[in-house]
Amino acid sequence: VQLQAFGGGLVQAGGSLRLSCAASGRTFSRQTVAWFRQAPGKEREFVAAIRVSGRHTYYADSVKGRFTISGDSAKSTVYLLMNDLTPEDTAVYYCGADSSIILSSIRMSQQYHYWGLGTLVTVSS
């Protein structure tokens, strides 16, 4: 599985962005796809995940209610709609995928086998 993340950019606080994670390969429907982010000087942190087959979704507490993860199997793409952005959301956002993630590990970046290059999100105050 190859992943390509895009959609980042500069936005003012309170604004919105939609990130896309496009996947290649024929196993997309069996994947768990997650978004992680890494701010300068900080560790990579979990943002949201979706089990593409069952569409179950999971969120970090810091983004719950503001971000929505969704998947389009026909396009082999997972989206992250980010609303009400704050400067604290500024980071490089990465998408990861794996077909063998168990629920207890879904927030652990080291459990994801496939990664795309990141896309930078900058939120100005």
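What this report covers is the structure whose coordinates are included nearby. Predicted model only: the values in this text are computed from it and were never measured. Numbers given to residues run from 1 along each chain, matching the order in which its sequence is written. Selection of residues for local features in this predicted model requires a pLDDT of at least 70, selection of side-chain atom pairs for listing and counting requires 80 or more, and totals for whole chains, interfaces and linings are taken over all residues. Hydrogen atoms and water are omitted, and side-chain values are computed over all heavy atoms in the structure.

1. Things to note about the sheet that holds strand E7 (residues 67–72)
Phase 1 of the analysis: Ordered by their spatial adjacency, 4 strands build an open sheet running E1-E3-E8-E7, and the pairing between neighbours is antiparallel. Across the chains shown, the open sheet's two edge strands, defined by having one partner strand only, are strand E1 (2–6) and E7. Each neighbouring strand pair of the sheet contributes to a mean axis angle of 15°, computed without reference to strand direction. In this scheme, strands are said to pair when DSSP sees at least two bridges between them. Secondary structure is summarised from DSSP: a helix means a run of H or I of at least four residues, a strand means a run of E of at least two, and numbering begins at the N terminus for each. Note on geometry: axes are lines fitted to C-alpha atoms, helical ones only across the stretch in contact, with angles between N-to-C directions running from 0 to 180 degrees.

2. A short note on the state of the cysteines
Phase 1 of the analysis: By convention in this document, the label disulfide applies to cysteine sulfur atom pairs within 2.5 Å. Applying the stated rule across the entire model yields 1 disulfide.
Phase 2 of the analysis: Across a sulfur-sulfur distance of 2.2 Å, cysteine 21 and cysteine 95 are joined as a disulfide pair. One quick way to see it: the torsion about the S-S bond of cysteine 21 and cysteine 95 is about 75°, and its sign makes the bridge right-handed. Here cysteine 21 is found in strand E3 (residues 17–24), whereas its partner cysteine 95 is found in strand E9 (residues 91–98), with 74 residues between them in sequence.

3. Focus: unusual backbone geometry
Phase 1 of the analysis: Phi is positive for arginine 55, which is not a glycine, with a value near 60°.
Phase 2 of the analysis: The residue arginine 55 is located in the loop between strand E5 (45–51) and strand E6 (56–59) in this model.
Phase 3 of the analysis: Located in the positive-phi region is serine 76, a residue other than glycine, with phi close to 50°.
Phase 4 of the analysis: Burial status follows relative accessibility: with a 1.4 Å probe on protein chains alone, a residue under 20% of its type maximum counts as buried, one over 50% as exposed, and anything between as partly exposed. Using a relative accessible area of 16% as the deciding quantity, one classes serine 76 as buried.

4. Observations concerning the pattern of salt bridges
Phase 1 of the analysis: Here a salt bridge means any side-chain nitrogen of Lys or Arg lying within 4 Å of a carboxyl oxygen belonging to Asp or Glu. With the rule as written, the count across this model stands at 4 salt bridges.
Phase 2 of the analysis: The partner of arginine 37 in a salt bridge is glutamate 45, and the shortest N-O contact between them spans 2.6 Å.
Phase 3 of the analysis: A relative accessible area of 5% means that arginine 37 is categorised as buried.
Phase 4 of the analysis: Between arginine 37 and aspartate 89 there is a salt bridge, with the nearest N and O atoms lying 2.9 Å from each other. On the criterion of sequence distance, the pair formed by arginine 37 in strand E4 (residues 32–38) and aspartate 89 in the loop between strand E8 (77–82) and E9 is long-range, its members being 52 residues apart. By the burial criterion, arginine 37 is buried, and aspartate 89 matches it.
Phase 5 of the analysis: Through salt bridges with shared partners, one network takes in Arg37, Glu45, Arg66 and Asp89.

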